[in-house]
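Read off the chains here:
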Amino acid sequence: KTKEIAKLIKKVHDMGIKVGIVIGGGNFFRGRSNKDMEALYVDTMGMLGTTINALGLADAFKKEELSCIISTPFDLNGLIPKYSKEEVLDKLNDNVVIFGGGTGHIGCSTDTAASNKASLMKADAIIKLTNVDGVYDKDPNKYSDAVMYDKLTHQEVLDNPEIKVMDIDAIKECKENNIDILVINFNDKENLIRVLEGKEIGTRISHE
């Protein structure tokens, strides 16, 4: 699977698009499924899981001859180079940046990491890859009459708790920094190319 993703991201990079990837770690550990554990351990395990995935993805990128770096909020004693914010921005010109380790803080999700990194990069958009076609008024896996939105504003998402996209803090940060959120179905990997080519698929959340 990482090989397939690497080939896809290489296509995106070859389009001249600067790419930063905030990676999750749910294949290793899902904190929400371990509510009997202390947050310190749950969140630390989750952040380490994302770092392991970042290493695996970097290996796949290098096999595709796609230049990349891994940026984490941790000092890993030489296992992964430590980059300053300025260095990350500089490296972004020629490399895909894989952000592992979330925000590095307990109590923050990868949604918050995504909005933080997008703000750092002054990104035009966050592309959220999901297993449904976009954002719905209710869970489409549970309700057959769920209706998908083509477009929403950040404020509409904030005003309606039934719309589940990203954590509230992440939505607020995207609104403050005028960062669009594009939600697309990643079961069809070519959807990523389609949306970057300007095709209207999924749901777009924007300032207006």
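Whatever comes next refers back to the structure up there.
Described in the following lines is the structure provided in the data block.

**What about the overall build of the protein?**
Okay, step 1: Along its length, the protein carries seven helices and nine strands.
Okay, step 2: The globule rule puts the C-alpha radius of gyration for 208 residues at 17 Å, and the 17 Å found for the protein is close to it.
Okay, step 3: Across its three principal axes, the protein shows a C-alpha extent of roughly 50 × 45 × 30 Å.
Okay, step 4: Counting only residues that meet the buried cut, the protein has 42% of its 208 residues in that class.
Okay, step 5: Looking at the protein alone, contacts between residues at least 24 apart form 70% of all its contacts between residues at least 6 apart.
Okay, step 6: The averaged location of the 33 negative side-chain charges in the protein is 4 Å from the averaged location of its 27 positive side-chain charges.

**So, helix 1 (residues 2–14)**
Okay, step 1: Over its 13 residues, helix 1 runs 18 Å from end to end, which matches the ideal 18 Å to within 8%, given 1.5 Å per residue.
Okay, step 2: Considered for burial, the residues of helix 1 that qualify are A6, L8, I9 and V12. Buried residues of helix 1, seen end-on, are gathered within an arc of 165° and therefore sit on one face of the element. More than 90 degrees from the buried face of helix 1, the exposed residues found are K3 and D14.

**Focus: the sheet that holds strand 9 (residues 203–206)**
Okay, step 1: Reading across from one edge, 4-8-9-7 is the order of the four strands in this open sheet, with mixed pairing throughout. Here the strands that pair on one side only, and so sit at the sheet edges, are strand 4 (125–130) and strand 7 (151–153). Sheet twist, expressed as the mean angle between neighbouring strand axes with direction ignored, is 20°.
Okay, step 2: The pairing of strand 8 (residues 180–185) with strand 9 spans three bridges and is classified as antiparallel. Bridge pairing links I181 to I205 in strand 9.

**A look at the sheet that holds strand 1 (residues 20–22)**
Okay, step 1: Pairing in this open sheet of three strands is parallel, and the strands run 1-3-2 from one edge to the other. A strand with exactly one partner marks an edge of an open sheet, and here the two such strands are strand 1 and strand 2 (68–71). Along the sheet, successive strands turn relative to each other by an average axial angle of 20°, direction set aside.
Okay, step 2: Pairing of strand 1 with strand 3 (residues 96–99) involves three bridges; the strand directions are parallel. Bridge pairing in strand 3 places V22 opposite F99.

**What to know about the pairing of strand 8**
Consecutive residues of a regular strand have side chains that alternate between opposite faces of the sheet.
Okay, step 1: For strand 8, the buried fraction is high: six of the six residues fall into the buried class.
Okay, step 2: Here strand 8 shows two buried faces, one formed by D180, L182 and I184 and the other by I181, V183 and N185.
Okay, step 3: Note: strand 4 against strand 8, six bridges, orientation parallel. Opposite A125, over in strand 8, you have D180 as the bridge partner.

**Some thoughts on the packing of aromatic side chains**
Okay, step 1: Applying the stated criterion across every chain yields a total of zero aromatic pairs.
Okay, step 2: Over the face of the ring belonging to Y143 we find K138, whose NZ or CZ atom lies 5.3 Å from the ring centre.
Okay, step 3: Across from the ring centre of F186, 4.7 Å away, lies the NZ or CZ of K189, which sits over that ring.

**Things to note about the environment of I52**
Okay, step 1: Within the secondary structure, I52 is located in helix 2 (residues 39–63).
Okay, step 2: The class of I52 is partly exposed, set by a relative accessible area of 46%.
Okay, step 3: A sequence separation of 49 residues divides I52 from G101, and the C-alpha atoms of the two residues are 8.9 Å apart.

Calculation rules
- Each chain carries its own residue numbering, running from 1 in the direction its sequence is written.
- Where local features are concerned, this predicted model is filtered to residues with pLDDT of at least 70; where side-chain atom pairs are given and counted, the filter is 80 or more; whole-chain, interface and lining totals use all residues.
- The side-chain quantities take in all heavy atoms of the structure and omit both hydrogens and water.
- Helix numbers and strand numbers start at the N terminus; a helix is a DSSP run of H or I with at least 4 residues, a strand a run of E with at least 2.
- Both definitions apply: the radius of gyration is a C-alpha atom measure, and the globule rule equals 2.2 Å times residues to the power 0.38.
- Only protein chains enter the accessibility calculation, which uses a 1.4 Å probe; a residue whose area is less than 20% of its type maximum is buried, one above 50% is exposed, and one in between is partly exposed.
- Here, residues are in contact when the closest pair of their heavy atoms is within 4.5 Å.
- Under the convention used here, Asp and Glu are negative, Lys and Arg are positive, and both His and the chain ends fall outside the count.
- Just so you know, the charge point we use is NZ for Lys, CZ for Arg, CG for Asp and CD for Glu.
- By this rule the span expected of a helix is its residue count minus one, scaled by 1.5 Å.
- In this context, the arc is that of the directions from the helix axis out to the C-beta atoms.
- By the convention used here, strands pair only if DSSP detects at least 2 bridges between them.
- In this analysis, axes come from line fits to C-alpha atoms, helices being fitted only over the stretch in contact, and the angle between any two N-to-C directions falls in the range 0 to 180 degrees.
- Aromatic pairs are defined between Phe, Tyr and Trp rings, using the six-membered ring for Trp, whenever the two ring centres lie within 6.5 Å; interplanar angles under 30 degrees are classed as stacked, those over 60 as edge-to-face, and all others as tilted.
- Each ring is checked for a lysine NZ or an arginine CZ that lies within 6 Å of its centre and within 35 degrees of its normal; such an atom marks a charge sitting over the ring.

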